[in-house]
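Each chain, written out:
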Amino acid sequence: MLDKKTMSELIAIVLHGGADFAEVYAEYSKDNHISYADKKIETVANKIISGVGIRGFLGERTFFASTTDLTPSGLRECARRVAQAVGHPVDRIADFSLVERINTNIHPIRTNPFDVSAKVRSNLVREGADAAWAAGDEIIQVNGMLLASDKSFTVANSEGLYTSDRQIRTRMMVNAIASDGSQNQQGMASPGRQMGLEVFDLFAPKSIGAEAARQALVNLKAIPCPSGQMTVAIANGFGGVIFHEACGHSLEASCVGIGMSQMCGKMGQQVAGTKVTAIDDGTIVNGWGSCNIDDEGNPNQRRVLIENGILKSYMVDRLGSRRMGVPHTASARRQNYS
């Protein structure tokens, strides 16, 4: 990853362009997926993502460029593009000095998937799929996949921050289809954690495949759901996805900060039933969505968004903080460096 001297130089170029804040984000990630279909391993695919994104702010305006050219000249050219886009060159910039911050790691990894052979990992997928096939003759199709990622990034900014993190995640998915000759139904199990292959101490591959098949067989024999108004209990797990899509995006600063959310201006107000409390917790040890720091380098937090129906917090990144005039909540996320 980039050292402090290099990042300082890039930040200075953007500040000379007139930005009042500058940031450099460098990423190196490895992804691997092994897929199973037609009772055999179908693909073993690897992907590497490596590059740098450079960002500048001027008030509430943001300017951005990225590059995969990590030579000194390539990096400087990327920073100059941002500076030119800002378009308010200055002779002198405020003094800043990058200070490295070491973060507490709450996600211990025992066995990095990339340290284990593809054959061993393929056998794990096959074990899960075989368990689904073994559930009965009504299972007519099984697909499986093992996903592994190893992401490292370093971020620095003109406020003096220089920090880095490494995130290793492992996930297995098994999809089973059951048929009675007149209809098909499917089931899926896909547990994952910010862990290495020790995740299978928690979720044995055989249990993952068996659960996918169980769901498919239950669905195959299920009677049609009656119509009408019903009381609905949302379970843990996928219930989080339902909340995320129904309400979570509406609490993000990317929507709230530009007045595009129904939650705008409702801080401290009743926005849900009194039994509803929603928490965005990025500090769960080895949690799939947890991380030591967010993608702007801020230590993660446990955020109470809604408490007993009362709106308590939004999810705010640095740009949203400027737009909304509130502190950021360590809620920044990038798809990747670009």
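Everything discussed here concerns the structure shown above.
Here we summarise the structure given alongside this text.

Rules used in this analysis
Residues numbered from 1 in each chain as written. Predicted model: local features only at pLDDT ≥ 70, side-chain atom pairs only at ≥ 80, totals over all residues. Heavy atoms only, no water. Helix = DSSP H or I, 4+ residues; strand = E, 2+ residues; numbered from the N terminus. Pairing = 2+ DSSP bridges. Axes fitted to C-alpha atoms, helices over the stretch in contact; angles between N-to-C directions. Parallel < 35°, antiparallel > 145°, perpendicular 65-115°, else oblique. Left-handed = near helix turned anticlockwise from the far one by under 90°. Contact = heavy atoms within 4.5 Å. Salt bridge = Lys/Arg side-chain N within 4 Å of Asp/Glu carboxyl O. Buried < 20%, exposed > 50% of the residue type's maximum accessible area, 1.4 Å probe, protein only. Nonpolar A, V, L, I, M, F, W, Y, C, P; charged D, E, K, R; others polar.

1. Topic: the environment of Glu9
Okay, step 1: Examined against the element boundaries, Glu9 turns out to sit in helix α1 (residues 4–16).
Okay, step 2: For the pair Glu9 and Ala79, spaced 70 residues apart in sequence, the C-alpha to C-alpha distance is 9.1 Å.

2. Notes on the pairing of strand β2 (residues 40–58)
If a strand is regular, its side chains alternate between the two faces of the sheet.
Okay, step 1: Both strand β1 (residues 21–37) and β2 contribute to a ladder of 17 bridges, which runs antiparallel. Bridge pairing links Asp31 to Lys47 in β2.
Okay, step 2: With antiparallel pairing between neighbouring strands as the criterion, β1 and β2 make up a hairpin whose turn holds 2 residues, including Asp38 at a positive phi of roughly 55°.
Okay, step 3: Bridge count between β2 and strand β3 (residues 61–67): 7 bridges; the pairing is antiparallel. Opposite Gly56, over in β3, you have Phe63 as the bridge partner.

3. Some thoughts on unusual backbone geometry
Okay, step 1: Phi angles above zero are rare outside glycine, and Asp38 is one such case at about 55°.
Okay, step 2: As for its position among the elements, Asp38 is in the loop between β1 and β2.
Okay, step 3: In this model, Lys39 sits at a positive phi of 65°, which is unusual for a non-glycine residue.
Okay, step 4: Tracing the sequence through the fold places Lys39 in the loop between β1 and β2.

4. Side note on the packing of α1 against helix α2 (residues 72–86)
Okay, step 1: The N-to-C vectors of α1 and α2 enclose an angle of 25°; their axes lie 8 Å apart at closest approach. When the axis of α1 is compared with that of α2, the two are roughly parallel. Here the hand of the crossing between α1 and α2 comes out right-handed. Listed contacts from α2 to Thr6, Glu9, Leu10, Ile13 and Val14 of α1 are Leu75, Arg76, Ala79, Arg80, Val82 and Ala83.

5. Details of the pattern of salt bridges
Okay, step 1: The full count for this structure, using the stated rule, is 15 salt bridges.
Okay, step 2: Two residues, Glu23 and Arg55, come together in a salt bridge whose shortest N-O distance is 3.0 Å. Of the two residues, Glu23 is situated in strand β1 and Arg55 in strand β2; the sequence distance between them amounts to 32 residues. When sorted by exposure, Glu23 lands in the same class as Arg55, which is buried.
Okay, step 3: Note that Glu159 and Arg318 form a salt bridge whose closest N and O atoms lie 3.1 Å from each other. With Glu159 in the loop between β5 (139–157) and β6 (161–179) and Arg318 in helix α8 (residues 318–324), this pair connects stretches of sequence that are 159 residues apart.
Okay, step 4: One connected set of salt bridges, linked through shared partners, spans Glu23, Arg55, Glu296 and Arg334.

6. Points about the sheet that holds strand β10 (residues 302–307)
Okay, step 1: Taken in spatial order, the 3 strands make up an open sheet running β9-β10-β11, and their pairing is antiparallel. Among the strands making up the open sheet, the edge pair consists of β9 (278–281) and β11 (310–311).
Okay, step 2: As defined by bridge partners, β10 adjoins β11 across 2 bridges and the pair is classed as antiparallel. In the strand pairing of β11, Glu307 is matched with Ile310.

7. Remarks on the packing of helix α3 (residues 118–133) against helix α5 (residues 205–221)
Okay, step 1: Running from amino to carboxyl end, α3 crosses α5 at an angle of 35°, the nearest separation of the two axes being 7 Å. In this structure, α3 meets α5 at a crossing whose hand is right-handed. Packed against α3, whose contacting residues are Leu124, Glu127, Gly128, Ala131 and Ala132, the element α5 presents Pro205, Lys206, Gly209, Ala210 and Ala213 at the interface.
Okay, step 2: Class assignment of the residues belonging to the contact of α3 with α5 gives a composition of 6 nonpolar, 2 polar and 2 charged.

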